[in-house]
Amino acid sequence: MTAAVPCYIEAASPHVMNTYARLPIALSHGQGCRVWDVNGKSYLDALGGIAVNTLGHNHPKLVPALQDQIGKLIHTSNYYHVPLQETLAAKLVALSGLENVFFCSTGLEANEAALKLARKFGHDKGIEKPEIVVYEKAFHGRSIATLSATGNPKVQAGFGPLVEGFIRVPLNNIEALKAATTGNPNVVAVFFEAIQGEGGVNSMTDEYLQQARKLCDERDWLLMIDEVQCGMGRTGKWFAHQWAGIKPDVMPLAKGLGSGVPVGAVVAGPKAAHIFGPGNHGTTFGGNPLAMRAGVETIRIMEEDGLLANAVKVGDHLRAALARELAGVEGFQEIRGRGLMLGVELSKPCGELVKRAADNGLLISVTADTVIRLVPSLIMTTAEADEIVAILCPLIKLLLKENA
Ligand SMILES: *Cc1c(COP(=O)(O)O)cnc(C)c1O
């Protein structure tokens, strides 16, 4: 490992509201899985803008397509047909096996739409106070409703009263789900991430997904799977729930869908596709031509370049290399996740690693205090994965030895 060069910029951002504990880094440009800061220091990007930059930075096929679109139309409003909405919707329907799509711009908006769908699904059946099952450690966004659905007291603190109508259950326990809903006629939906991202890269098992699907069918509930982070090819299937061979009724998407251009979507199956009519829901920016072009081109390039297979190949390689390097290390717990959505759990808080990795030229994040999260672009190579391991593992070992 070469010597660490501390990253540092003097200028803070006094006029930007202080909502993130930012590193002292300002990035200026990128190429593929590498980015450079304003001081010229380079970093390998294992965060991908938090699972957003599906195609890395400055992708040679994406950039000209977006430039072409910007020269035609960026935005028109939803008062008119936007043909690219139909193009992207048809594609998402084909990839998911569901029926139709609502477009928005972010993950929380997609989840907010899903929650509204579930409530109206209930009201249409005569349920006046619909309730939605949500999960421990879940993260669904930071609007008032989605933070209420989120299972993290830190996200909720200071923003009460929370939205009512949620029932919280533990992950991967079908008996707990049944017990929490027994005799409750107001339940309308079950809502979870196929793999929790912010909660620490916790997967729903294939078995649980199948059991939840079956229960939702028996009870006439909507199965709503938040694929905002784990979807769009990251695990090696288009959507993470597809590993279990099931289909949800409602699937919010965002993060990776537009390769960095804000695009959110709610994909609905037959049970949910016709709940909303004109006037029930909307958003000014949702489905604008630039966003739609970004989604269409992202998927086209992913297909052309075989990026689902690459996510599996490079993800498996990365996971195996990390496991080899960390085997037997005191304080290393386990590696979780699938494809290029990996979490490395340690036995102690490791937020400090984010800065140390950056000093050593690697961008990562830590979630749930003790989990290193790796969600790089799906174009990553095995050589770059090896570089992650070479930089990260010595830092992990060092941290685990301190005050041990
Ligand atoms: C990031 C995330 C969201 C929120 O998305 P925003 O675009 O930040 O609103 C919702 N659900 C999951 C699973 C996420 O990872």
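Residues numbered from 1 in each chain as written. Predicted model: local features only at pLDDT ≥ 70, side-chain atom pairs only at ≥ 80, totals over all residues. Heavy atoms only, no water.

## Considering the nonpolar core
Part 1: Leu92, Leu346, Ile372 and Leu374 are the most contacted members of the largest nonpolar core, which totals 66 residues.
Part 2: In terms of residue count, the dominant contributor to this core is helix α12 (residues 382-401) (10 residues).
Part 3: Residue assignment places this core across two domains, with domain 1 (27-58 + 306-402) and domain 2 (73-304) each supplying three or more.
Part 4: The residues touching Leu92, leaving out its near neighbours within four places in the chain, are Val101, Phe103, Met232, Phe239, Leu253, Leu257, Ala265, Val267 and Ile299. (Core = buried A, V, L, I, M, F, W, Y, C linked by side-chain atoms within 4.5 Å. Buried < 20%, exposed > 50% of the residue type's maximum accessible area, 1.4 Å probe, protein only. Helix = DSSP H or I, 4+ residues; strand = E, 2+ residues; numbered from the N terminus. Domains from an automatic or database assignment. Contact = heavy atoms within 4.5 Å.)

## A word on the domain arrangement of the protein chain
Part 1: Split into domains, the protein chain comes out as domain 1 (27-58 + 306-402) and domain 2 (73-304).
Part 2: One C-alpha centre belongs to domain 1, the other to domain 2, and the line joining them spans 27 Å.
Part 3: Tallying the contact residues gives 27 residues for domain 1 and 30 residues for domain 2.
Part 4: In total, domain 1 and domain 2 occlude about 2300 Å² of area from one another, counting both sides; carbon and sulfur atoms represent 59% of this.
Part 5: On the domain 1 side of the interface with domain 2, the three residues burying the most area are Leu308, Arg338 and Met341, jointly 31% of the side's total.
Part 6: For the pair domain 1 and domain 2, the number of links is three salt bridges.
Part 7: Residue Asp206 pairs with Arg338 through a salt bridge whose shortest N-O separation is 3.5 Å.
Part 8: At the boundary of domain 1 with domain 2, the tally comes to 13 residue pairs in polar contact (both at pLDDT 80 or more).
Part 9: Broken down by secondary-structure element, the contributors of at least two residues to the side of domain 1 that touches domain 2 are α1 (48-51), α10 (307-326), β13 (332-338), β14 (341-346) and β17 (371-374).
Part 10: No other element matches the four residues that α10 contributes to the side of domain 1 that touches domain 2. (Buried area = accessible area lost by both parts, 1.4 Å probe. Salt bridge = Lys/Arg side-chain N within 4 Å of Asp/Glu carboxyl O. Polar contact = N/O pair within 3.5 Å; in protein donor to acceptor, adjacent residues only side chain to side chain.)

## A word on the packing of aromatic side chains
Part 1: Counted according to the given criterion, the structure contains three aromatic pairs.
Part 2: Relative to Phe192, the ring of Tyr135 lies with its centre 5.3 Å away and its plane at 80°, an arrangement referred to as edge-to-face. Placement of the pair is Tyr135 in strand β5 (residues 131-135) and Phe192 in strand β7 (residues 187-193), with a sequence separation of 57 residues.
Part 3: Residue class for Tyr135 comes out buried when judged on its relative accessible area of 1%.
Part 4: Here Tyr135 and Tyr208 contribute two aromatic rings whose centre-to-centre distance is 6.2 Å and whose plane-to-plane angle is 85°, an arrangement assigned as edge-to-face. Residue Tyr135 is found in strand β5, and its partner Tyr208 is found in helix α8 (residues 206-219); the two are separated by 73 residues along the sequence. (Phe/Tyr/Trp six-rings, centres within 6.5 Å; stacked < 30°, edge-to-face > 60°.)

## Digging into the sheet that holds β13
Part 1: As summarised here, the arrangement of the four strands in space is β13-β14-β17-β16, forming an open sheet in which the pairing is antiparallel. Bordering the open sheet on either side are β13 and β16 (365-367), each of which pairs with just one other strand. Strand-to-strand, the axes of this sheet are offset by a mean angle of 25°, without reference to chain direction.
Part 2: One ladder, built from six bridges, connects β13 with β14; its direction is antiparallel. From the neighbouring strand, Arg338 faces β14, where its bridge partner is Met341.
Part 3: Across the face of the sheet, α10 comes into contact with β13, β14 and β17 while running at roughly 175° to β13. (Pairing = 2+ DSSP bridges. Axes fitted to C-alpha atoms, helices over the stretch in contact; angles between N-to-C directions.)

## Some words on the pattern of salt bridges
Part 1: In total, this model carries 24 salt bridges according to the counting rule given.
Part 2: The salt bridge partner of Lys91 is Glu303, with a shortest N-O separation of 3.0 Å. With Lys91 in helix α3 (residues 83-96) and Glu303 in helix α9 (residues 289-304), this residue pair connects regions lying 212 residues apart in the sequence.
Part 3: Classification of Glu303 as partly exposed rests on a relative accessible area of 42%.
Part 4: Residue Glu297 is joined to Arg293 by a salt bridge in which the shortest nitrogen-to-oxygen separation is 2.8 Å. Within this pair, Glu297 and its partner Arg293 are both found in helix α9, separated by four residues, close to a single helical turn.

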